[in-house]
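Results of the structural survey
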Amino acid sequence: MLKDITLGQFFPGNSLLHKTDARFKILILIAFLVAVIAAKSAWSFLAVVVVTAAFVALSRIPVKIVLKNLKPLIFILVFTGILNIFFYKGETLLLHWSFIKIYKEGLIYAGFMMLRLVCLVCGSFVILTYTTSPLDMTDAIEKLLSPLKALHVPVHEFAMMMTIALRFIPTLVEETDKIMCAQKARGADMESGSLLKRAKALVPILIPLFVSAFRRADELAEAMECRCYHGGEGRTRMKQMKSRFSDWAFLLLMMVFAVGVFFINGYGVRV
Amino acid sequence: MSGIEVKNVSVVYGAGTPFEKKALDNVSIDFGSDRVVGIIGHTGSGKSTLAMLLNGLNKPTEGTVLLGGEDIWARPKEISKVRFRVGLVFQYPEYQLFEETVYKDIAFGPKNMGMDEENLDRAVRNAAKFCGIEDTMLEKSPFELSGGQKRRVAIAGVAAMDPEVLVLDEPAAGLDPAGREEIIGGLLEYRKQRKSTMLIISHSMEDIARYADYIVVLDHGKVHMQGTPAEIFHDAERLFEASLDLPQVTKLFVELKKRALAEETDVYTCKEGVRRIKAIIEKRLTGEANA
């Protein structure tokens with residue numbers, strides 16, 4: 001059951017988004033997020049939705065997979081929707097029943113909020129997590145943050161920690177699965193009983209998991225030392241990141257779009 | 001004693017996705033009761049999937065698993081009872097230890113069964129004895145022990161549930177020869193006393209040839225061969241097809257036969273090999289003396 005986790009999974013491919021430099025993708029994503037959050041009117045939301053759809057199409061990742069990953073969000077979506085419908089105070093009253101007041105603006109606002117969330121999640125998935133390998137991503141973060149080195153921020157170490165953490169997620173998931181099976185074989189019951197009982201049932205899984213995580217960390221540290229790892233100082237890369245003209249063009253386009261959204265905000269139904 | 005049997009079982013992982021994989025394909029095996037069954041097969045042949053089917057950790061996509069003639073999935077809510085009757089020891093079981101003391105760790109399974117104090121104590125000490133764990137070790141933390149000792153504690157933890165069927169996935173992997181001998185020897189002793197069934201999954205032809213009364217060879221999720229050791233190792237060609245090999249001592253006799261030094265190749269254990277070679281040497285000596 002743990003193997004079903006797909007949140008933040010990389011799908012190898014050869015689309016335009018896959019080929020775009022990861023550093024640029026992070027910047028593009030930031031521009032995209034600004035646009036999504038800034039959108040206020042019906043027309044700007046339409047633009048945002050169109051751009052999101054364009055990104056999904058560009059990534060060539062099946063729409064089914066993208067939608068599947070919205071599933072865990074359904075609760076949050078519904079929750080925000082309901083909250084906004086009931087608590088938004090507008091001008092045109094639609095329904096008034098004892099203490100419940102529903103305004104037309106509330107309905108529109110709730111719709112916009114839900115749309116915004118969906119665009120945020122779909123956009124960041126296809127721009128970054130689905131189309132960027134974890135290694136490229138940490139490299140890009142390291143590069144983008146490298147100016148902070150002047151302030152003695154250990155940027156390389158952070159990036160290395162992130163790489164290692166990402167690398168070990170599948171390993172630990174597999175390990176957890178194994179330990180769960182082993183304890184179930186000894187009659188451990190993890191699916192029934194009170195909350196306290198279920199929390200207690202986690203002990204036989206968590207302790208072996210921690211023990212093995214520490215063991216792995218020790219082994220990895222030793223292996224790194226054996227290969228003369230000594231931090232980021234003077235370290236070169238096998239894959240050099242090279243920006244191309246298309247990367248710059250892509251980023252520029254996104255920035256224009258983000259600024260454009262602020263302009264379109266003036267038109268159409270708005271809240 | 002109740003026997004265990006699988007009938008026409010298939011297991012498909014990730015059905016309906018591009019990663020769909022048939023781990024077991026229409027497999028039928030009667031493991032019987034009161035004997036040691038060896039399961040061999042190349043990596044990815046479905047051995048571990050089969051093991052997890054037997055105690056209900058895996059549900060067959062098709063087919064049935066019968067324990068004592070009853071389908072174990074007849075009442076899915078009571079599947080945990082099946083897990084107490086069919087004990088499964090995973091590969092590298094030492095990584096599942098978690099309790100403060102060895103005693104408590106071995107007692108984890110029987111406690112889950114709801115055993116009372118008296119029986120629990122007896123079960124723990126009995127299992128510990130057969131797995132070669134000394135009394136002084138019982139109060140130690142399992143994390144202080146050596147790798148081989150940890151393995152014993154983990155196996156004892158399953159044996160203490162006194163299962164009717166004990167399934168061991170590579171019980172001796174990564175142990176030194178003396179440790180192998182002790183662990184498997186102790187378990188065999190235990191099995192004999194309880195008249196339970198033991199299934200050993202292994203890569204080692206030597207171990208299987210030595211301990212098993214019956215052998216099942218799996219290849220690509222299908223039963224490739226099954227029979228007594230003599231039947232299996234007699235058909236070396238077919239064994240090679242599943243990327244497996246003969247026990248080394250059998251290979252020695254195959255070579256001896258080629259050189260016309262031995263007449264038969266039906267030797268599967270070192271003990272038997274030594275006896276045969278002695279006989280051959282004696283025969284030659286007496287032959288020379290007569291000539």
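Residues numbered from 1 in each chain as written. Chains lettered and ligands numbered in written order. Predicted model: local features only at pLDDT ≥ 70, side-chain atom pairs only at ≥ 80, totals over all residues. Heavy atoms only, no water.

Turning our eyes to something else, we now look at the overall build of chain B. Regarding its fold elements, chain B presents 11 helices and 10 strands. Compactness check: chain B gives a C-alpha radius of gyration of 21 Å against a globular reference of 19 Å for 291 residues, within 12% of the reference. Principal-axis analysis of the C-alpha atoms gives chain B an extent of 75 × 55 × 35 Å. Sequence-distant contacts, at least 24 apart, represent 63% of the contacts inside chain B between residues at least 6 apart. Carbon and sulfur atoms make up 50% of the accessible area of chain B, which totals about 14300 Å². Both charge centroids of chain B, one from 38 positive and one from 45 negative side chains, sit 1 Å from each other. (Helix = DSSP H or I, 4+ residues; strand = E, 2+ residues; numbered from the N terminus. Rg over C-alpha atoms; globule rule 2.2 N^0.38 Å. Contact = heavy atoms within 4.5 Å. Areas by Shrake-Rupley, 256 points an atom, 1.4 Å probe, with all protein chains shown as cover. Lys, Arg positive; Asp, Glu negative; His and termini not counted. Charge placed at Lys NZ, Arg CZ, Asp CG, Glu CD.)

Residue and element names in this part refer to chain A. Its 17 residues give helix α2 (residues 22-38) an end-to-end C-alpha distance of 24 Å, which sits within 8% of 24 Å, the value for a rise of 1.5 Å per residue. Burial within α2 is extensive, with 12 of its 17 residues counted as buried. Every buried residue of α2 is accounted for by A22, R23, F24, K25, I26, I28, L29, A31, F32, A35, V36 and A38. Packing partners of the buried residues in α2 comprise α1 (16-19), α3 (42-59), α6 (104-129), α7 (134-145) and α11 (245-264). You can read the cap of α2 off the contacts: a side-chain oxygen lies 2.8 Å from the backbone nitrogen of R23, and it is on D21. (Expected span 1.5 Å × (residues − 1). Buried < 20%, exposed > 50% of the residue type's maximum accessible area, 1.4 Å probe, protein only. Polar contact = N/O pair within 3.5 Å; in protein donor to acceptor, adjacent residues only side chain to side chain.)

What follows deals with the domain arrangement of chain B. Residues and elements named next belong to chain B. You can read the domains of chain B as domain 1 (4-245) and domain 2 (247-291). Inter-centroid distance (C-alpha atoms) of domain 1 to domain 2 is 35 Å. With 9 residues of domain 1 at the interface, the matching set in domain 2 holds 5 residues. For the pairing of domain 1 and domain 2, the buried interface totals around 610 Å² over both sides, and the portion due to carbon and sulfur atoms is 65%. Ranking the residues of domain 1 by area buried against domain 2 places E206, F233 and D245 at the top, with a combined share of 57%. (Domains from an automatic or database assignment. Buried area = accessible area lost by both parts, 1.4 Å probe.)

Turning next to the confidence of the model for chain B. Summary statistics for chain B give a mean pLDDT of 89 and a share of 98% for residues scoring 70 or more. At the level of chain-chain contacts, confidence expressed as ipTM amounts to 0.84, with global pTM at 0.74. (pLDDT = per-residue confidence, 0-100.)

All names here are of chain B. One ladder, built from 5 bridges, connects strand β1 (residues 4-13) with strand β4 (residues 62-67); its direction is antiparallel. Across the sheet, residue V6 finds its bridge partner in β4, namely V65. Pairing of β1 with strand β2 (residues 21-32) involves 7 bridges; the strand directions are antiparallel. Bridge assignment links V6 to a residue of β2, and that residue is I29. (Pairing = 2+ DSSP bridges.)

Looking now at the environment of V6 of chain B. All names here are of chain B. Note on placement: V6 falls in strand β1. In this structure, the C-alpha to C-alpha distance between V6 and V65, residues 59 residues apart in sequence, is 4.5 Å. Leaving out residues up to four positions away in the same chain, V6 has contacts with V27, S28, I29, F31, L50, L54, T64 and V65.

What follows covers the sheet that holds strand β3 (residues 36-41) of chain B. Residues and elements named next belong to chain B. With respect to topology, 6 strands assemble into an open sheet ordered β6-β7-β8-β3-β9-β10, the strand pairing being mixed. Each edge of the open sheet carries a strand with a single partner, namely β6 (86-89) and β10 (222-227). Between one strand axis and the next, the sheet turns through 15° on average, direction left out of account. Contacts between helix α5 (residues 147-159) and the sheet are confined to β6 and β7 (165-169), with β6 contributing the most and set at about 170° to the helix. (Axes fitted to C-alpha atoms, helices over the stretch in contact; angles between N-to-C directions.)

Here we take up the interface of chain B and chain A. Between chain B and chain A, the contact holds 19 residues from the first and 15 residues from the second. In total, chain B and chain A occlude about 1500 Å² of area from one another, counting both sides; carbon and sulfur atoms represent 65% of this. When residues of chain B are sorted by the area they lose upon contact with chain A, Y95, Q96 and F98 of chain B head the list and together hold 37% of the total. Where chain B packs against chain A, one counts 1 salt bridge. D105 of chain B serves as the salt-bridge partner of R186 of chain A, at 3.1 Å between the closest nitrogen and oxygen. In this assembly, chain B and chain A are joined by 3 residue pairs in polar contact (both at pLDDT 80 or more). Of all the elements in the fold, those that place two or more residues in the side of chain B that touches chain A are α2 (79-85), α3 (102-113) and α5 of chain B. Considering each element in turn, the side of chain B that touches chain A owes the most residues, 4 residues, to α3 of chain B. Of the residues that constitute the side of chain B that touches chain A, the class distribution is 12 nonpolar, 5 polar and 2 charged. (Salt bridge = Lys/Arg side-chain N within 4 Å of Asp/Glu carboxyl O. Nonpolar A, V, L, I, M, F, W, Y, C, P; charged D, E, K, R; others polar.)

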